[in-house]
Every structure is written in structure tokens, then in C-alpha cells.
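Close look at the chain arrangement
These are the residues of each chain, in order.
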2 protein chains.
Amino acid sequence: MTFIGRDTISNCLEDYAVNSEHKGFRPLEDFMADAEDNTQSIAADQHDAESGKLRPTMQDVAEAAGVSLKTVSRVVNKEPSVTEATRKRVEDVIKSLGFRRNDLARNLRQGQTSSTIGLVIEDIANPFYSQLAHGVESVARRYNHMLIISNSGEDPLREREQVNALLLRRVSGLLIVPAGADHSYLTSEMRLGTPVIFLDRPPENLNVDAILLDSYGGSYTAMEHLLRQGHRRIGLICGDPSVHTGAGRVAAYRRAMTDWGLGLIEDLLCFGCDDAIKAEQAVYRLLALPQPPTAIFATSNRISIAVLRVLFSTTHKIAFIGFDDFEMADMLPIPVTVIAHNPTEMGRQAAELLFARLHGDESPPQRIVLPTKLIIRSSSEIKPER
Amino acid sequence: MTFIGRDTISNCLEDYAVNSEHKGFRPLEDFMADAEDNTQSIAADQHDAESGKLRPTMQDVAEAAGVSLKTVSRVVNKEPSVTEATRKRVEDVIKSLGFRRNDLARNLRQGQTSSTIGLVIEDIANPFYSQLAHGVESVARRYNHMLIISNSGEDPLREREQVNALLLRRVSGLLIVPAGADHSYLTSEMRLGTPVIFLDRPPENLNVDAILLDSYGGSYTAMEHLLRQGHRRIGLICGDPSVHTGAGRVAAYRRAMTDWGLGLIEDLLCFGCDDAIKAEQAVYRLLALPQPPTAIFATSNRISIAVLRVLFSTTHKIAFIGFDDFEMADMLPIPVTVIAHNPTEMGRQAAELLFARLHGDESPPQRIVLPTKLIIRSSSEIKPER
DNA sequence: TTGTAAGCGTTATCAC
DNA sequence: GTGATAACGCTTACAA
């Protein structure tokens, strides 16, 4: 075990510890700007010079063991009809040569697949997606498949590229959180036998399995809860309202207002708040209104956090509900009421369905809608000021 | 766009909205227990009945276009020497047949690799690892590689299985956050040419690149900060102290105490708090001590959150510092002082190094130690009660 | 129990 | 420019 010496420690003290002007969580790029040249590089001891050896094949093993290639194959695949003696001999050679079967070749011969499934999401760094991926992975492992994850970054073009790259690699199946609108480009591939399942958002122009969330129902429940508390001016902060999930949540907002006999006040609706900056600006705009909202509904975890950051920094007493639960929602100064659901379970169900398809389930494409649950903490219990 | 009807909404109201006895963030399994039978399944419209078509090969394309297999290959790979006319003809056939090159076969022929890299981590649902994965993926994409992520769940056995599965699939390179202790099993594979890089923890019995964090330096800085505030009874809550990261943080704790002329009080040291439950129990134990600590140092993000959950639920005024920054650390009732670093950058650097190795960089194995930064918020400024 | 030969879908070599 | 033909490392079918 090697530790960095005391000099490192004093470096840290001088360079960082005193600096406390920084506040707030800085997850990505902006962090290293002032720190990266402090990267310390320590060369390790020695290095194996000679390399360039070729990877041994079954043929090599066969020759070294004095048996045929096929016998090696039998041993490797644990087929029964091999003498204990030859098996032992072959296994020894395998060990000494460091042989490892090439599954690329194996899969090429056996079927069309790579015992790998592909998952296309927006951004693995978002907890929603990392939980989703966790669920998928746990199921994939049960079926002896590995998981290739690729980020589309909400870019339809990139989504297509990634899907194509996965298909080239002959993934056994595909799980997609769609970024683009038109997915008809997948029809031919699906006809050829690759099962595809959509997550979180349904496909357009494609008849395919989808695991969705009850965005509309959950949001309607949340709105009703706010309305029951007496709120009439409710701000809405959402991302792209043309995305399915956003659309459902916005529709629920509108419908709830209408059902309660309230008109829509355009000034209270904020669209396109896809990143933290835009969401924060939207909140500031709402607060500056002659008649600011008495409550705010945010349509996703990222947006919620941005909104709350502003709300907590002001003295305004505004009720809040957000879609998606998030870690620490219950630990904030005012615990946050959320529309919760289970991303891990969503990933699991999608993966299970994928493997069912892979194993020959030919039933018609399904639409599974997972339930949401209003978790009432404190932020929604703030009453409207009169 | 299809929305769930009003009946769904009332379901939600009755089944969930009223239920508010639940508090706290429930990320995984325990959530669905009471909700899963509410899963609604809606069968979709119709279904393409006939399938079973075989995937077209270059040979099929060649026959349909009346050219040789090799010519198709030339077109697919955009090699120069093809007439515009034949190129067009072949491309049309490719489109009409929905042909897609099988990269399994291509890779088999070309080299040993699958233009895929493998990443083995503890748990993708942990923000530390999902940020790390994000960094790796962004670099991999630049190099036209896809990323296979697999979770070891801290289990050395599973780690080995996963590594083996990745190697069987002929990943171009391997990024590992090691769970096990002995990694000599990788030597033969590395000699055969697969570059391997360790993240967060160095390998044992293996001379290989590693990207690490300055656990010791960061922790020492944190301890000094607490000691300067006058704290003398500082509780330590950590996971497995035999893991490299844990060991470095514990060593810094001990050393700092010693350097300040303080003895170690065994009662204040809590080891093996790997999950939230154990960490919480540890805090309760500390609080119940005849002389409880006036400050606590937690050695990871998960532990920090568990500790804070307890601390915030009591009236004890205890200072706190945690290793790893986390989202919302600055928004809690008492903003949390942390030892921050950049997981995304760690992933990026590891991936860059991996590709350098892949491109023939033969320099001796490196140990890169990334800096940490003490971000002082409020939790560390609580003075010891006299 | 063991071995031979063909073939998976591509690319590489070298003719034409 | 284009096309045979032989690999790549393995499995399948069938023979010995």
C-alpha cells in the first residue's frame, strides 16, 4: 500500500483548503478547470518489456496437447465424451498457454448474436437513468448477457448513430429511451428478429413494446393535491413539452386546472427548461411576476433540484411538488413532496420482457404503464398566502 | 399520443395519494412491494405475424446485385476503386434488403478486438460510479468504441466472473474498480496484449496503470480543519478499512490525531459500515457514548448521507465532514463540508490512458493521483460544545 | 472416445 | 475495376 507523503498534504492545504469561496455541488467539467494541472503523476517501478505474443487458439492448444482441435473444443465446452486423462492434459495446456475461447468466433458460428444487449439512454449520470441501468443489468446478468450502455444526450441523430453501432455489433436486443421522434428506421431490423423495447417514452411510427410511467395520472394527482390546499396560481416548469413524458405532465396540469374551473395563465407556464440554468431563470421570472404563483409543479428530477435551489435561497413561501423522487428529498430544510416511481423496476421489467421476446414470446407488442405514487412530505403543505 | 383515462387518475388518488405515512427516499426494492400489482398492462393494437427471415449477408447482396462478394465489401467499406455505377447498384440492393454488416465477423477477421471496452464497477446506481462511467463513455465514443458496464457489487468472485466474461467477448481494453485483493490472474491476459487500467484503487500483485484519488491527503486536510476548530473527540465512520480507499482515509485520521498529540479513542472508530443501516447504527452508538464525539468524519458519499440522516433527526450539534461531494450537499439545512473530487474526470483520464495503450503507448505503468479539494460549507464550522 | 471437413460472414491477398 | 480464394477461430455434422 502506497501513500502520498506529507508534501502532498501541505499542497492540498495551501492550494485548496483555504479556498472556500466555492459553494454548491459542481458535478462535471467546471470542477477541474482550476485543479487539473495539480494532477500528480508517479511513474511505477518496472515494466515487462517483451510482448507481441499472439493469442493462443484452440489449434495451438490442440498441437501442444497432441490432440485434435475438436477435442479441445469438447474440453472447453465441457462436453461429456472425453476421457479424464485427455481432459486433464488439455486443461493443463490451456492453463499454461493462457488460452481463452474467442466468443466472437463462437457467436459468429452459433447464431447471429453476441450475448450482449444494448441500452440507449440520455445520460448515465442522471440518477433516473443510472437506476434504470441498474435494473436492466441485474436481469441481464441472470441471463448471462452483458450490457452495453450508450448515451444519446437527447440528440436524435446521436441516438440513431448509437443504435446503429449497437446493431452492427449484433446485440441480442435493444432497450431504448427514445430521443428522436420517428423510429420507423427500426422496422426492418425488428423484422429481421432483433427485439426492441422502448422505455419511458413510446415510439412513434413503430409498433413495439414499451414500458412507460403513468405521467399523466401521477401529475394529475399532484395537481389535485395542490388545488385542495387552496392553490389557484400554480406555476409549471417543464422541459420539452413535445416529448411524451413532458406532454403527459403538462396535459395533466391543464386538465386539472380546467376541471377545477380555473383558466390557464400563460405567464405561469414555463417550457423548455431543459437544463438547470434555464429552470432557475424560469423561477426568477415567476417570482418577479406582479402576482407570483403560490405553488410550483416541476416535471422532472433535474428541474426540481434547480427550482428548489432558487426557492430555498429566497424568502418566498411557495409550495412545491416535483415529478421523480430523488435522494435527500426528505432531508432538505423543507422536505419535498414528489411524484415517485421506481426506475430500477422499470429497467427490470423492460429487460425481462426483452428476454421473453428473445426466448420466442410472439405475443402482440405490449404497453406497460407503471404506477406512480404521491409522497407527501412538507413542501406541498405550504398554504397560499392571502 | 395516448393518455391514460380518468379512471387511472382516481385509482392513483385512492391507492396512493392519501397514503402519507411513508417518508424518506426509497430507491429500490422496498418501493414496489406495495405497488407492483397495480401495474397496468395495455395490449397494443396489432402485430406483424410473419417473421423468421434470415439476415442478409454480403453474399446475398452480391447475388442480388450481380456482382462479387468482394465488390460489396468494397462498397460497404467505402474503398475507392469502385465504379460509380456499381456502387450505386450495390447500395440500392443494400437498402432494399436491409443489409447491415456483421461486425462480429469483421472483427474476427481483422484483429482480436470488438471495438468495445469493458468497465467493471461496484454499482452503477451510486452517483460516484455513474459519473465515472459518464466520463469513460464520452472518451470511448470519441474513439468509436462502445462501453460495456458491469457491476461487481463489491464481490471479488463476481468481479472475476465479469472480467472473464468481458475478456471472452474480446473487449479491446479493461477498466476496473477492483473489489478483490489479488489480481495476479490478469497478468497472462495483459501479456497477451489487453490493456488494463485500475480506477480508484490500486491493484495488488500486478504492475499496471492506475488512476487514484488522493484519499490520504484529502482526508488529512479535512481532519486538520476539524482539529483547528477545536475538535478533539472526532468520530470516524467508514466502510471496509482494508480496501485501499478506506485504508488511506483511516490512516489520515490516525496520523492527524497523532500529529496533534491526541490519542486514538477506540470507541470513536466505526468500521464496516458498508450500507446505510450499519452507518446509521454506528452514529446512534456514537451518540449514546458517555462522551460522544463533537465531530464526525465519514469516508464516502453513501455513508455521509446515512450519517446526516441521523444527525439531522436529533438535536445534537455535531460537526461533520464527508469524503465525496454529492448533489444537494449545499442545500441541506446545514450545508455539508466535503472532500470533493471529480469522478467524471477520473473516468475520462482512465479512458484516455487506455486508448493511448491501445494505440501502442509502451511507457511504464503509471500511477496518477487526482487531487481533492476541501469544500467548506457549514457543517464543519460547528464548534465543540464545552 | 476421438477426429475430419465444412461453414459462420467478413476481410486480405493476389490474380484477372 | 473486379473477382476467386484463403483465412479469422470457432462449432456442427458426420465419420472413424
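Along each chain, numbering runs from 1 in the same order as the chain's sequence is written. Chain A is the first chain written and ligand 1 is the first ligand written, with later ones labelled in order. Selection of residues for local features in this predicted model requires a pLDDT of at least 70, selection of side-chain atom pairs for listing and counting requires 80 or more, and totals for whole chains, interfaces and linings are taken over all residues. Each side-chain value is derived from all of the structure's non-hydrogen atoms; neither hydrogens nor water enter the calculation.

**Here we look at the pairing of strand S2 (residues 116-121) of chain B**
All names here are of chain B. To be explicit about the condition: Each residue gets one of three labels from its accessible area relative to the maximum for its type: buried under 20%, exposed over 50%, partly exposed in between, using a 1.4 Å probe on protein chains only. Strands are runs of DSSP state E lasting at least 2 residues, helices are runs of H or I lasting at least 4, and numbering of each runs from the N terminus. At least two bridges found by DSSP between two strands is the condition for calling them paired. Note on handedness: a crossover is taken as right-handed if, strands pointing away from the viewer, the path from the first strand over the helix to the second is clockwise.
When you tally the buried positions in S2, you get six out of six residues, the bulk of the element. Covered by surrounding structure in S2 are Thr116, Gly118 and Val120 together with Ile117, Leu119 and Ile121, the residues of both alternating faces. Alignment of S2 against strand S3 (residues 146-151), held across six bridges, turns out to be parallel. Across the sheet, leucine 119 pairs through a bridge with isoleucine 149, a residue of S3. Note that the unit made of S2, helix H7 (residues 127-142) and S3 has a crossover that is right-handed. Here four bridges tie S2 to strand S4 (residues 173-176), and the two strands are oriented parallel to one another.

**Let's talk about the UniProt feature "domain: HTH lacI-type" (unreviewed entry) in chain A**
What counts, and what does not: UniProt positions are given in the numbering used here, feature names are shortened, and annotations may be inferred rather than shown by experiment.
The UniProt entry lists residues 56-110 of chain A under the feature "domain: HTH lacI-type" (unreviewed entry), expressed in the numbering used here. Secondary structure content for residues 56-110 of chain A is 69% helix and 0% strand, while the C-alpha to C-alpha distance between its ends is 21 Å.

**Some details on the protein's contact with DNA strand C**
Definition in use: Near, as used in this document, describes a residue that has one of its heavy atoms within 4 Å of the molecule or strand being considered. N or O atoms within 3.5 Å of each other form a polar contact, as long as, within protein, one can give a hydrogen and the other can take it, and as long as residues adjacent in sequence are counted only when both atoms are side-chain atoms.
For DNA strand C, the set of nearby residues contains 26 residues, the closest of which are Thr71, Arg74, Thr83 and Arg109 of chain A together with Met58 of chain B. A share of 61% of the atoms of DNA strand C within 4 Å of the protein falls on sugar and phosphate groups. One nitrogen or oxygen atom from the side chain of threonine 83 of chain A is found 2.6 Å from a sugar or linking oxygen belonging to DNA strand C. Within the contact set of DNA strand C, a base nitrogen lies 3.2 Å away from a side-chain nitrogen or oxygen of arginine 109 of chain A. With four residues, the top contributor of residues to the surface near DNA strand C is helix H6 (residues 103-110) of chain B.

**A short note on the protein's contact with DNA strand D**
The condition that has to hold: Throughout, the ten residues Ala, Val, Leu, Ile, Met, Phe, Trp, Tyr, Cys and Pro are labelled nonpolar, Asp, Glu, Lys and Arg are labelled charged, and all others, Gly among them, are labelled polar.
Close to DNA strand D lie 26 residues, the nearest being Met58 and Lys70 of chain A together with Thr71, Arg74 and Arg109 of chain B. Backbone sugar and phosphate groups make up 65% of those atoms of DNA strand D lying within 4 Å of the protein. Residue serine 73 of chain A places a side-chain N or O atom 3.0 Å away from a phosphate oxygen belonging to DNA strand D. When residues of the surface near DNA strand D are traced back to their parent elements, those giving at least two are helix H4 (69-76) and helix H6 (103-110) of chain A together with helix H4 (69-76) and H6 of chain B. Looking at the surface near DNA strand D, the element that brings in the most residues is H6 of chain A, giving four residues. When grouped by side-chain class, the residues that make up the surface near DNA strand D number seven nonpolar, 11 polar and eight charged.

**Topic: the domain arrangement of chain A**
In many reports, interface size means the accessible area that the parts give up when they come together. Residue and element names in this part refer to chain A. What counts, and what does not: Residue ranges assigned to each domain were obtained from an automatic or database domain assignment. Counted as salt bridges are all cases of a side-chain nitrogen of Lys or Arg within 4 Å of a carboxyl oxygen of Asp or Glu.
The domain boundaries assigned to chain A delineate domain 1 (6-18 + 214-342 + 373-380), domain 2 (26-32 + 110-213 + 345-370) and domain 3 (37-101). Centre-to-centre separation of domain 1 and domain 2, based on C-alpha positions: 28 Å. Summed over the shared surface of domain 1 and domain 2, the result is zero salt bridges. The interface formed by domain 1 and domain 2 holds six residue pairs in polar contact (both at pLDDT 80 or more) in total. Going through the elements one at a time, helix H11 (244-259) and helix H13 (301-313) are the ones with two or more residues in the side of domain 1 that touches domain 2.

**Some details on the sheet that holds strand S10 (residues 319-323) of chain B**
All names here are of chain B. Under the convention used in this document: Whether two residues are in contact is decided by their heavy atoms, any of which lying within 4.5 Å being enough. With axes taken as lines fitted to C-alpha atoms, and helix axes fitted only over the stretch in contact, angles between N-to-C directions fall between 0 and 180 degrees.
Overall, mixed pairing links the six strands, which are arranged S8-S7-S9-S10-S11-S13 in an open sheet. The sheet is open, and its two borders are formed by strand S8 (269-270) and strand S13 (373-375), each paired with just one other strand. Along the sheet, helix H12 (residues 276-288) makes contact with strand S7 (234-237), S8 and strand S9 (295-298), crossing S7 at roughly 160°. Strands S7, S9 and S10 of the sheet are contacted by helix H13 (residues 301-313), whose axis makes an angle of about 160° with S10.

**Some words on H6 of chain B**
We count it as follows: Of all possible arcs, the one meant is that of the directions from the helix axis to the C-beta atoms.
Here H6 of chain B has its buried residues at Asp103, Leu104 and Asn107 of chain B. Buried residues of H6 of chain B, viewed axially, fall in a sector of 110°; they line one side. Summarising the contacts, the buried residues of H6 of chain B are in contact with H6 and helix H8 (156-168) of chain A.

**Details of the sheet that holds strand S10 (residues 319-323) of chain A**
Residue and element names in this part refer to chain A. Reading across from one edge, S8-S7-S9-S10-S11-S13 is the order of the six strands in this open sheet, with mixed pairing throughout. The sheet is open, and its two edges are formed by strand S8 (269-270) and strand S13 (373-375), each paired on a single side. Pairing of S10 with strand S11 (residues 337-340) involves three bridges; the strand directions are parallel. In the sheet register, isoleucine 321 faces S11, and the bridge partner there is threonine 337. Across the sheet, helix H10 (residues 215-228) lies against strand S7 (234-237), strand S9 (295-298), S10, S11 and S13, angled at about 175° from S10, the strand it touches most.

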